[in-house]
Amino acid sequence: MFKKILIANRGEIAVRIIKTCRRMGIQTVQVYSEADAGSLAVEMADEAVLIGPAPAAQSYLLADKIVEAVRQTGAQAVHPGFGFLSENAGFARRLRDEGIAFIGPNPEAIEAMGDKISSKKLAAEAGVSTVPGHMGLIETPDEAVRIANQIGYPIMIKASAGGGGKGIRVAHSDADMAEGFAAVKAEALNAFGDDRVFLEKFIIDPRHIEIQVLGDKHGHVVHLFERECSIQRRNQKVIEEAPSPLLDEATRAAMGAQAVALAQAVNYDSAGTVEFVAGQDKSFFFLEMNTRLQVEHPVTELITGVDLVEQMIRSAWGEALAFEQKDLSINGWAIESRIYAEDPYRGFLPSIGRLVRYEQPEEGDQGDYTVRNDSGVREGDEISMFYDPMIAKLCAWGETREDAVTGMARALEDTHLSGLGHNVPFLAAVMDQDRFKSGELSTSYIKDEFPDGFHGLRPTVEQERILIASALAMHEVIAEQDGDPSDRTDWIVMIDKTPHGVGLSYDEDEEMILTLTGGGDIRLSDIDWRPGLAQFKAELDGEAFTAEVKRVADGFDIRHRAALARVRVLRPHVAELYARLPEKAAADTSKLVLSPMPGLVVSIPVVVGQEVKTGETVAIIEAMKMQNILKAERDGVVKAVGAKDGDPVAADDVLVEFG
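Residues numbered from 1 in each chain as written. Predicted model: local features only at pLDDT ≥ 70, side-chain atom pairs only at ≥ 80, totals over all residues. Heavy atoms only, no water.

**Some thoughts on the pattern of salt bridges**
Charged atoms that come close allow side chains of opposite charge to pair.
And then number 1: A complete count under the given rule lists 56 salt bridges for this structure.
And then number 2: Put simply, Asp448 and Arg435 hold a salt bridge, and the shortest N to O gap is 3.6 Å. Of the two residues, Asp448 is situated in helix H15 (residues 445-449) and Arg435 in helix H14 (residues 434-438); the sequence distance between them amounts to 13 residues.
And then number 3: The network of salt bridges with common partners includes Arg16, Arg23, Glu301, Asp307, Glu310, Arg314, Glu319, Arg372 and Asp374. (Salt bridge = Lys/Arg side-chain N within 4 Å of Asp/Glu carboxyl O. Helix = DSSP H or I, 4+ residues; strand = E, 2+ residues; numbered from the N terminus.)

Here's what the structure looks like:
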């Protein structure tokens, strides 16, 4: 077995690989950019080598730097993780020529499957169902429009070398096609160094289901069942689960057989994923093959008990698979939520900065569910604009899908982050939705359920009780600490502007009894909170909960899952005064186009004095390797332009002002 492996990646996947290597007794070398000098992966690895400045093109994407680090440290193999050089056939071939093992598939398989155009042709030859489309190269927007009209809208515009949700647009018209084609080519060239683009029919109301395959260098290939990855935004997966609530045994077996046939056709010899787009009628079509470890691999590991990183290492060493297809089975259900540094309240736009607080749920067996949290950052770390904004992959396993959903909701409650925007409230909202609980999923789920964007959810009756009880308990703790305890037994607890009458008493065990006007009694026990803590933990009528809390001048900001409210504990006569306070008017920004995120200006294609119509592009901002097109929301004349091409901008910087 290898004695030392170099990890050519960063963040949570680097940490994930290190953990398996430690268990296997293998030493690790972590390469890092200047931005990652103080990272968790660097701290955990046995050795670390600086390979360049923060931009990936000057560090993680430089094969010469990786090979030099291997030679410097005496590593025998390279694990590329996902992204960066993981699907670069030239890199894999270079390592082979240098006598360095590549912990991934052979370069010929990467070449065959990594190119999305050639892979579809190979899939069709292997008897795999494929989506109608145009697999030839397309050079100009006019050519793309002509071909799109032959296929019929809607059309998916995809970068041939794409991955990770980048280099993808859906066009519903000729105008969409012309604009989207140019954007995808630009994104693809920037992210992958390859601007080839192809088109395929977009399946209406589709689901995204993928099959995990695993091969060795002795011709053996198995599949480890499926993952459902339909909850996406901007073609980036957000929530994944295994198995899929859609599939029956026959469909699962058919998809698995096709995935294995495709892998065998290219002599696949590592972990990989065959992705399908599936109809609600269980029809399915080949989408692409990712010739690497997938971000969402933990859910497969949780239901099969197979460590995919270990199997990749063993395969690269030359070992045969220690199991056959008949030895594999599905045990329970697992869900993964990708926690991103992004602001769901602002259209899921990337958020960068310092992770001031990061409290993670306890991992392991929690009774009815099990928690796993793959994270590459710690409290105090910086989330950089140069890389993917993922903070962690939070997973929950249960005996049933219901158990896994409940476990994930509780694990999200126990996760606290501050210092930057994050999507935990959104993830919690999905877990609480009846549609998600029913398993009726599609890739348009987020657009369907949140058509006007995500603004949080109104508290349910049960959540109102949690907000009331938490606020009153914290109010009592603070009064006691300040030496000013009150013997008052009647309070008005205001949730935003809505008053709730509450009677307070204690039982013989000093547990709080809250009598709600018109709502009966509730009991609050096992309180775990003191001033300064960001999480309030307790049991409400015997059910454990965690709320995120922040003390403010006149009360508390409390969030339970997706419900956030300002909660005040007031004497009745003070509550009457609060009810009369006027609402603060919001600032008028209707004439301004603001940068929605920190990033770089790609272009501002308007000038002072220009007349602009609703829907016209007024700026393109690049952040986290993605281009974001900003369009005018009204007709107007440009009064001022606040930035130029190449300028760095912060969130809410004025880009364009209309007269």
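**A short note on the sheet that holds strand S38 (residues 636-641)**
And then number 1: Strand order in the open sheet formed by four strands is S33-S40-S38-S35, with antiparallel pairing between adjacent strands. Two strands close off the open sheet at either side, each with one partner strand: strand S33 (592-594) and strand S35 (611-612). (Pairing = 2+ DSSP bridges.)

**Section: the packing of helix H7 (residues 141-151) against helix H8 (residues 174-192)**
And then number 1: Where H7 contacts H8, the axes come no closer than 9 Å and their chain directions differ by 135°. Relative to H8, H7 is oriented oblique. Between H7 and H8 lies a crossing of right-handed hand. Along the contact surface, H7 presents Pro141, Ala144, Val145, Ala148 and Asn149, while H8 presents Asp174, Met177, Ala178 and Phe181.
And then number 2: Considering only residue class, the contact of H7 with H8 consists of seven nonpolar, one polar and one charged. (Axes fitted to C-alpha atoms, helices over the stretch in contact; angles between N-to-C directions. Parallel < 35°, antiparallel > 145°, perpendicular 65-115°, else oblique. Left-handed = near helix turned anticlockwise from the far one by under 90°. Contact = heavy atoms within 4.5 Å. Nonpolar A, V, L, I, M, F, W, Y, C, P; charged D, E, K, R; others polar.)

**Quick notes on the packing of aromatic side chains**
And then number 1: Per the counting criterion, the structure on display carries 12 aromatic pairs.
And then number 2: Relative to Tyr387, the ring of Tyr60 lies with its centre 5.8 Å away and its plane at 80°, an arrangement referred to as edge-to-face. Of this pair, Tyr60 sits in the loop between strand S3 (47-52) and helix H3 (63-73) while Tyr387 sits in the loop between strand S22 (382-383) and strand S23 (390-398), and the two are 327 residues apart along the sequence.
And then number 3: On the numbers, 4.9 Å between centres and 85° between planes, the contact of Phe348 with Phe426 is edge-to-face. Pair noted here: Phe348 is in the loop between strand S16 (342-343) and strand S17 (349-350) and Phe426 is in helix H13 (residues 424-432), with a separation of 78 residues, a long-range link.
And then number 4: Members of the aromatic cluster, joined through ring pairs, are Tyr345, Phe348, Phe426, Phe450 and Phe454.
And then number 5: The ring of Tyr340 has Arg233 lying over it, and the distance from NZ or CZ to the ring centre is 5.1 Å.
And then number 6: The ring of Phe436 carries Arg401 above its face, with NZ or CZ at 4.8 Å from the centroid. (Phe/Tyr/Trp six-rings, centres within 6.5 Å; stacked < 30°, edge-to-face > 60°. Lys NZ or Arg CZ within 6 Å of the ring centre and 35° of its normal.)

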